[in-house]
Amino acid sequence: MKIIITCFIYMCGFSALAQTRGQVTVIKNPLIDSLINKRLELSKKVVTPTIKRNGPIVAQVGYRVQIFYGSDRRETFQEQARFKGMYQKLNTYITYREPNYYLRVGDFRTRLEAQRLMNELKPMFPTLFIFREKINAPVLEENYD
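Report follows, based on the coordinates. (Residues numbered from 1 in each chain as written. Predicted model: local features only at pLDDT ≥ 70, side-chain atom pairs only at ≥ 80, totals over all residues. Heavy atoms only, no water.)

Now for the pattern of salt bridges. A side chain with one charge can pair with a side chain of the opposite charge if their charged atoms come near. Considering all chains together, one arrives at five salt bridges under this definition. Linking Arg104 and Glu133 is a salt bridge whose minimum nitrogen-to-oxygen distance equals 2.5 Å. With Arg104 in strand E3 (residues 100-108) and Glu133 in strand E4 (residues 129-136), the pair connects residues that are 29 residues apart, well separated along the chain. Side by side, Arg104 and Glu133 carry an identical accessibility label, which is buried. Here the salt bridges share partners, and the residues they tie into one network are Arg64, Arg104, Asp107 and Glu133. (Salt bridge = Lys/Arg side-chain N within 4 Å of Asp/Glu carboxyl O. Helix = DSSP H or I, 4+ residues; strand = E, 2+ residues; numbered from the N terminus. Buried < 20%, exposed > 50% of the residue type's maximum accessible area, 1.4 Å probe, protein only.)

Neighbouring strands of a sheet are bound in pairs by backbone hydrogen bonds; such pairs are parallel or else antiparallel. The strand order across the open sheet built from four strands is E2-E3-E1-E4, with neighbouring strands paired in antiparallel fashion. Either end of the sheet is taken by a strand with one partner, and the two such strands are strand E2 (92-97) and E4. When the angles between neighbouring strand axes are averaged without regard to direction, this sheet yields 40 degrees. In terms of strand pairing, strand E1 (residues 59-70) meets E3 through six bridges, oriented antiparallel. When the sheet's bridge partners are listed, Tyr69 is paired in E3 with Tyr102. Running at roughly 20 degrees to E1, helix H4 (residues 111-121) makes contact with E1, E3 and E4 of the sheet. (Pairing = 2+ DSSP bridges. Axes fitted to C-alpha atoms, helices over the stretch in contact; angles between N-to-C directions. Contact = heavy atoms within 4.5 Å.)

Pasting the structure below:
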């Protein structure tokens, strides 16, 4: 009797697991198809890169030297003006993270370049740190000597 009940349970289990073919109905907004087509068109376009000679080309990870931080906004801008008076070609960046303003300078590809600037600035700025962050890659100068 146990064998018959066990066989009956197995048969019911197999029939319950058997899958029947059905029909799937997809309901979607027609704008989705137009967005997909636009995306495909944009990916097929060939983009010719434009090279700017006077500005940054790409963003990459590099180094900056932090020359000042403090909670006074006016003092931060004064330090920026003082630095710009000495180094006109280097970019300066002011960021605010509550409660302090941070003044960082330069777009250096290597830590060694940032260290050189830091050594030059030690007598003029007391708190100097090097930070690794996303920079605007400087334009490389072409030398045809």
